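Structural description and commentary
Take a look at the letters that make up each chain.
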Amino acid sequence: MKRIHIFLILVVAAFASCEDDYLERFPKDELSAGSFWKQEQDAEQFMIALYQNLPMFLIDDEINSDNALHGIKWAEGDVAKGIYDPLDGTFSGHWSGNYSGLRKCNILLENIDNIETFETYSKDEIIAQTKFFRAYLHFELCKVFGDVPLIDKSLVLEETYELTRTPVAQVIDFILKDLSDAAADLPTTWSGGDYGKITKGAALAMKARVQLFYSKWGDAAATAKQVMDLNVYDLYDKENTGKYAELFYASEPGDERKAEMVLETQRKPDDYENWYNTWSAPPGFGWGGINPTQSFVDEFECTDGKTIAESDLYDDSKPFENRDPRLEVNVLHHGEVYKGVDINTRPVQEDYPRGIATHRDATSTGYYQQKFLNPNEEINGADGWNSSHDWPVIRYAEVLLTYAEAKNEAGGPDADVYAAVNSVRERVGMPALPEGLSKDEMRTRIRREWRVEFGMEGKRWLDIRRWDIGNDVLNGQFYGMKYDPTTKTAFIGTNVAAGVPRQYKAHNRLWPVPQNQIDLNEKLTQNTGY
């Protein structure tokens, strides 16, 4: 779809003009059904604009978890520090942006019947993609706010003042129905210039994600199995030829890496670009990106499949040797060579500009992110801010781990659970899980697999919430690599304290409802604890 890339025509822009504060006010220049919905192209272009709602990239969401701190200090925000203020623009932006998208979905669904003839695409296919986005946007809201107003029609201004929060269970039922309807009418694949549109597999995979988030174990396993049985997707480099890192480099339709991508946000230079490269590369190459924590680094097993606390292969002074290969893919560390340059990250001025605290945006942990950074791609300059790098919204590895987790929670580990987890591990050369694990032991292994397989992809903070482990992992001081100031040696001594201590309370599992929305509509209630 870079390829059907987002071409925002004037007509769609007019409908979208209320985006900044939907549920607050309405545009005065909306085009009427009489002046627009006349031909198939009108519906198609309006629907294509909905793809803007897919994320540009989510790596910065890692700072809201125990995986990373922000290297670009001014971009960190309060949520990462455990400050949840209902006045914070993070919450109002998320609320308004998603409700703006929902309004567009409902406008299309209410007007598409005005178009009499469809030749290029079927009406059902356009409706199905729209229903996917209506479900996706509702999920984006309820997974962080809990109960939210369910919007299934376009509203007039007076109606917005009467909105109340719909119980989350009712919203989830609505989401799952929209996704089921979408999957029924979507093709298994799109070809040519339509590559990147929502497919049957994407709708089912999103449905499985929702079911997993709300602990609908049997349903999540069954839906994930539907995706697996499509026989459309596969793990990239499943024969483990050492190309795993390339999965996260920019690629074009038809590339074998695309087989793992169930859904991507498509990017196109000069039109719908991605500035990931320059933002994320370490100082001296880019702006600094995010800094993985020691907790994240320690999560990766040794090559014998044991944790660093259990394995005889682990050497504390050489912590990156004999480790799960995904660690090197994710983390750029002291002593590594990047783009022909020695990377040194000790907290000493001689390691400037990449050393800990050697300037404002230097690492605070001794580590930099590395996933998605192709060493052969330009980092700085015009191309660095204008990349065609697509963002993986759903990978097939997620489908497999969803299936494994849901089946294990529903009935404990069986051969299917082992097969799904082991396929993700074995494609990077990690050994199969040991036989005879209990349900609790398998849960621990699956949760670790989620963290290391999807590190730096912005998923961890939501896993923390759905597993309700925030009190355990988001309170207290975060740490970086070990350093001995006497000998100026990395990886020995004590771990460097990184950033300010974090705080997290039980009610932070949900975000506060934005205060500006409550001010506009007194019938909206606030979440407990705010």
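Residues numbered from 1 in each chain as written. Predicted model: local features only at pLDDT ≥ 70, side-chain atom pairs only at ≥ 80, totals over all residues. Heavy atoms only, no water.

Focus on the overall build of the chain
When you go through the chain residue by residue, the secondary structure sums to 17 helices and 11 strands. For 530 residues, the compact-globule formula gives about 24 Å, and the C-alpha radius of gyration of the chain, at 23 Å, lands near that figure. For the C-alpha atoms alone, the extent of the chain along its principal axes is close to 75 × 50 × 45 Å. Across the 530 residues that make up the chain, the buried fraction comes to 59%. In the chain, 72% of the contacts between residues at least 6 apart in sequence involve partners at least 24 apart. Positive and negative charge centroids in the chain, built from 57 and 86 side chains respectively, lie 2 Å apart. (Helix = DSSP H or I, 4+ residues; strand = E, 2+ residues; numbered from the N terminus. Rg over C-alpha atoms; globule rule 2.2 N^0.38 Å. Buried < 20%, exposed > 50% of the residue type's maximum accessible area, 1.4 Å probe, protein only. Contact = heavy atoms within 4.5 Å. Lys, Arg positive; Asp, Glu negative; His and termini not counted. Charge placed at Lys NZ, Arg CZ, Asp CG, Glu CD.)

Here we look at the sheet that holds strand β9 (residues 476-484)
The strand order across the open sheet built from 3 strands is β10-β9-β11, with neighbouring strands paired in antiparallel fashion. Sheet topology places β10 (489-490) and β11 (494-502) at the edges, where each strand pairs with a single neighbour. Relative to β11, β9 runs antiparallel, the two sharing 5 bridges. Among the inter-strand pairings, Phe-478 is bridged to a residue of β11, identified as Ala-498. (Pairing = 2+ DSSP bridges.)

Here we look at the environment of Arg-448
Relative to the helices and strands, Arg-448 is located in helix α14 (residues 439-453). Along the sequence, Arg-448 and Gln-526 sit 78 residues apart, while their C-alpha atoms lie 34 Å from each other. At a separation of 2.9 Å, a polar atom in the side chain of Arg-448 contacts the side chain of Glu-301. (Polar contact = N/O pair within 3.5 Å; in protein donor to acceptor, adjacent residues only side chain to side chain.)

Some details on the packing of helix α7 (residues 200-213) against helix α8 (residues 217-229)
At a minimum axis separation of 8 Å, α7 and α8 run at an interaxial angle of 160°. By the angle between their directions, the pair α7 and α8 is classed as roughly antiparallel. In terms of crossing hand, the pair formed by α7 and α8 is left-handed. Residues Gly-201, Leu-204, Ala-205, Lys-207, Ala-208, Gln-211 and Leu-212 of α7 form the contact with α8, whose participating residues are Trp-217, Asp-219, Ala-220, Thr-223, Ala-224, Gln-226 and Val-227. In the contact of α7 with α8, the residues fall into 8 nonpolar, 4 polar and 2 charged. (Axes fitted to C-alpha atoms, helices over the stretch in contact; angles between N-to-C directions. Parallel < 35°, antiparallel > 145°, perpendicular 65-115°, else oblique. Left-handed = near helix turned anticlockwise from the far one by under 90°. Nonpolar A, V, L, I, M, F, W, Y, C, P; charged D, E, K, R; others polar.)

Looking at helix α3 (residues 89-111)
Between the first and last C-alpha of α3 there are 33 Å, a value that for 23 residues agrees with the 33 Å anticipated at 1.5 Å per step. Extensive coverage of α3 is indicated by the burial of 18 of its 23 residues. (Expected span 1.5 Å × (residues − 1).)

Some details on the side chain of Glu-44
Locating Glu-44 in the fold gives a position in helix α2 (residues 40-49). Residue classification places Glu-44 among the buried residues on the basis of a relative accessible area of 10%. In terms of polar contacts, Glu-44 uses its side chain to reach the side chain of Lys-197, at 3.0 Å. In this structure Glu-44 touches Tyr-121, Ile-126 and Lys-197, once residues within four positions along its chain are discounted.

Let's talk about the pattern of salt bridges
Scanning the entire structure with this criterion turns up 45 salt bridges. Between Lys-407 and Asp-414 there is a salt bridge, with the nearest N and O atoms lying 2.9 Å from each other. The class of Asp-414 is partly exposed, set by a relative accessible area of 29%. (Salt bridge = Lys/Arg side-chain N within 4 Å of Asp/Glu carboxyl O.)

Focus on the environment of Val-452
Tracing the chain through its elements places Val-452 in helix α14. In sequence terms Val-452 and Arg-326 are 126 residues apart; their C-alpha atoms lie 7.0 Å from each other. Setting aside anything within four residues of it in sequence, one finds Val-452 in contact with Glu-299, Phe-300, Asp-324, Arg-326 and Asn-330.

Focus on the side chain of Arg-134
By the element assignment, Arg-134 lies in helix α4 (residues 123-145). The residues touching Arg-134, leaving out its near neighbours within four places in the chain, are Leu-102, Cys-105, Asn-106, Leu-109, Ile-151, Asp-152, Phe-174 and Asp-178.

Brief notes about the confidence of the model for the chain
Here the chain shows a mean pLDDT of 92. Residues at 70 or above account for 91%. Confidence drops under pLDDT 50 across residues 24-29; counting only partners more than four residues distant or on other chains, this segment forms 17 contacts. (pLDDT = per-residue confidence, 0-100.)

Digging into the packing of aromatic side chains
Applying the stated rule across the entire model yields 29 aromatic pairs. Summarising the aromatic geometry, the rings of Phe-57 and Trp-391 are spaced 6.3 Å apart at their centres and angled 50° between planes, so their arrangement reads as tilted. With Phe-57 in the loop between α2 and β1 (68-70) and Trp-391 in strand β8 (residues 391-395), this residue pair connects regions lying 334 residues apart in the sequence. Like Phe-57, the residue Trp-391 is buried in the burial classification. Members of the aromatic cluster, joined through ring pairs, are Tyr-84, Phe-91, Trp-95, Tyr-99, Phe-145, Trp-461 and Trp-511. If you follow Lys-197 out to its NZ or CZ, it ends over the ring of Trp-190, 4.8 Å from the centre. One Lys or Arg, Lys-371, reaches over the ring of Phe-248 and ends 4.5 Å from the middle of that ring. (Phe/Tyr/Trp six-rings, centres within 6.5 Å; stacked < 30°, edge-to-face > 60°. Lys NZ or Arg CZ within 6 Å of the ring centre and 35° of its normal.)

Comments concerning the environment of Glu-264
Tracing the chain through its elements places Glu-264 in strand β2 (residues 261-265). Along the chain, Glu-264 and Val-417 lie 153 residues apart, while their C-alpha atoms are 26 Å from each other. Excluding its chain neighbours within four sequence positions, the residues that come into contact with Glu-264 are Leu-54, Tyr-195, Lys-258, Asp-390, Trp-391, Pro-392 and Val-393. A polar contact of 3.4 Å, which involves the side chain of Glu-264, links it to the side chain of Tyr-195.

Focus on the nonpolar core
By size, the foremost hydrophobic cluster in this structure holds 148 residues, and its most contacted members are Phe-132, Phe-133 and Ile-175. If one sorts the elements of this core by residue count, α4 sits on top with 13 residues. (Core = buried A, V, L, I, M, F, W, Y, C linked by side-chain atoms within 4.5 Å.)

Describing the state of the cysteines
Taken as a whole and assessed by the stated rule, the structure comprises 0 disulfides. Cys-142 forms no disulfide, and the closest cysteine sulfur to it belongs to Cys-105, at a distance of 15 Å. (Disulfide = S-S within 2.5 Å.)

Quick look at α4
In a regular helix each residue adds 1.5 Å, so 23 residues correspond to 33 Å; α4 covers 33 Å between its end C-alpha atoms and thus fits that length. Once α4 finishes, Gly-146 follows within two positions and takes phi at roughly 80°, a positive value.

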